[in-house]
Amino acid sequence: MARREEARAEAAFMRGDVGVDGGATEETQDEAEVEKGKAREQLLRGRAYLGREFLTWLLWRTETGGPLVEVEGEGVSVLFMGRVVLRGVAGEVTEMSAKGTLAPYSEQVRHSLDKGLLVAQARLRFTHGEKEFEATLDSEFLDIRAGKLPALMSEEEDDQLSERLFLMEQLSAMVDALVQDYLQVRAGKGWSKTIVPAMKEWMRGEEKGTDVLAKAARARGRDARGARS
């Protein structure tokens, strides 16, 4: 019997289930922790959907050009460029990607959006005053990946580090401002009555959807001028 127990202990050690002291190498989570983990996964899935919806809405917004929000008193313009990844949860195609300088604005991408896919990842160019930033945004956590900052003006190494951190904060602030703008629109009464139908018309290549976007851009411009005066 003793030899059998020793054999079992040795096998458990070889599998990595126990350490040299015979104790378990991984603590068993209680039921409450397991439920918390499941709830967190569900929350993240919901955020991922909102992130995809945000990037799709932003693509539609950028069709007219011009500043979308203001950060530090300067307008922020956004351009989708290069590769874009689309994802969905149902249908014959649940993921696709398109490459090309203006691939995000192509008819093929709009057609795929109309079929139920949403923008999951995209490369964006942010213009803030005279400065240009580039970054890849992922919808799951809206992480900023592969950021490209404007040319540094400082010559000293310490000053360059401070300037780089400042520019990174500016890039993050621009993304935050765009997200806040989306959330304000998303929570408004006009989302389902005006915005969603206009986006669907834009996806189908109908002029009305773009007209609604142009009118909204002009209205925002008037509001911004009124706030400054």
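Residues numbered from 1 in each chain as written. Predicted model: local features only at pLDDT ≥ 70, side-chain atom pairs only at ≥ 80, totals over all residues. Heavy atoms only, no water.

**Brief notes about a nonpolar patch on the surface**
So, point 1. On the surface, L161, L165 and M168 cluster together into a nonpolar patch covering about 290 Å² of accessible area.
So, point 2. When you line up the elements, L165 lands in helix α4 (residues 157-186).
So, point 3. A relative accessible area of 45% places L165 in the partly exposed class. (Patch = residues over 30% accessible without salt bridge, like charges linked within 9 Å, V, L, I, M, F, W, Y side chains within 5 Å. Areas by Shrake-Rupley, 256 points an atom, 1.4 Å probe, with all protein chains shown as cover. Salt bridge = Lys/Arg side-chain N within 4 Å of Asp/Glu carboxyl O. Helix = DSSP H or I, 4+ residues; strand = E, 2+ residues; numbered from the N terminus. Buried < 20%, exposed > 50% of the residue type's maximum accessible area, 1.4 Å probe, protein only.)

**Regarding the pairing of strand β5 (residues 131-138)**
So, point 1. In terms of burial, β5 is largely enclosed, as six of its eight residues are buried.
So, point 2. Here eight bridges tie strand β4 (residues 118-128) to β5, and the two strands are oriented antiparallel to one another. Note that in β5 the partner of A122 across the bridge is L137.
So, point 3. Connecting β4 to the antiparallel partner β5 that follows it, the hairpin turn spans two residues, and G129 within it adopts a positive phi of roughly 65 degrees.
So, point 4. In terms of strand pairing, β5 meets strand β6 (residues 143-148) through four bridges, oriented antiparallel. Counted as the bridge partner of D138 is D143 from β6. (Pairing = 2+ DSSP bridges.)

**What about the side chain of E163?**
So, point 1. Relative to the helices and strands, E163 is located in helix α4.
So, point 2. Although E163 is buried, it makes no salt bridge; K131 carries the closest opposite charge, 7.6 Å away.
So, point 3. Beyond its immediate stretch of four places on either side in the chain, E163 contacts A151, L152, M153 and S154. (Lys, Arg positive; Asp, Glu negative; His and termini not counted. Contact = heavy atoms within 4.5 Å.)

**What to know about the confidence of the model for the chain**
So, point 1. Per-chain confidence: the chain averages 79 in pLDDT, with 69% of residues scoring 70 or above.
So, point 2. Across residues 219-229 the pLDDT falls below 50, and counting only partners more than four positions away or on other chains, this stretch makes five contacts in the model. (pLDDT = per-residue confidence, 0-100.)

**Considering the environment of L117**
So, point 1. Following the sequence through the fold, L117 ends up in the loop between α3 (107-114) and β4.
So, point 2. Sequence-wise, L117 and V85 are 32 residues apart; in three dimensions their C-alpha atoms are separated by 9.5 Å.
So, point 3. Not counting residues within four places of it along the chain, the set of residues in contact with L117 comprises L86, R87, G88, V93, T94, M96 and S112.

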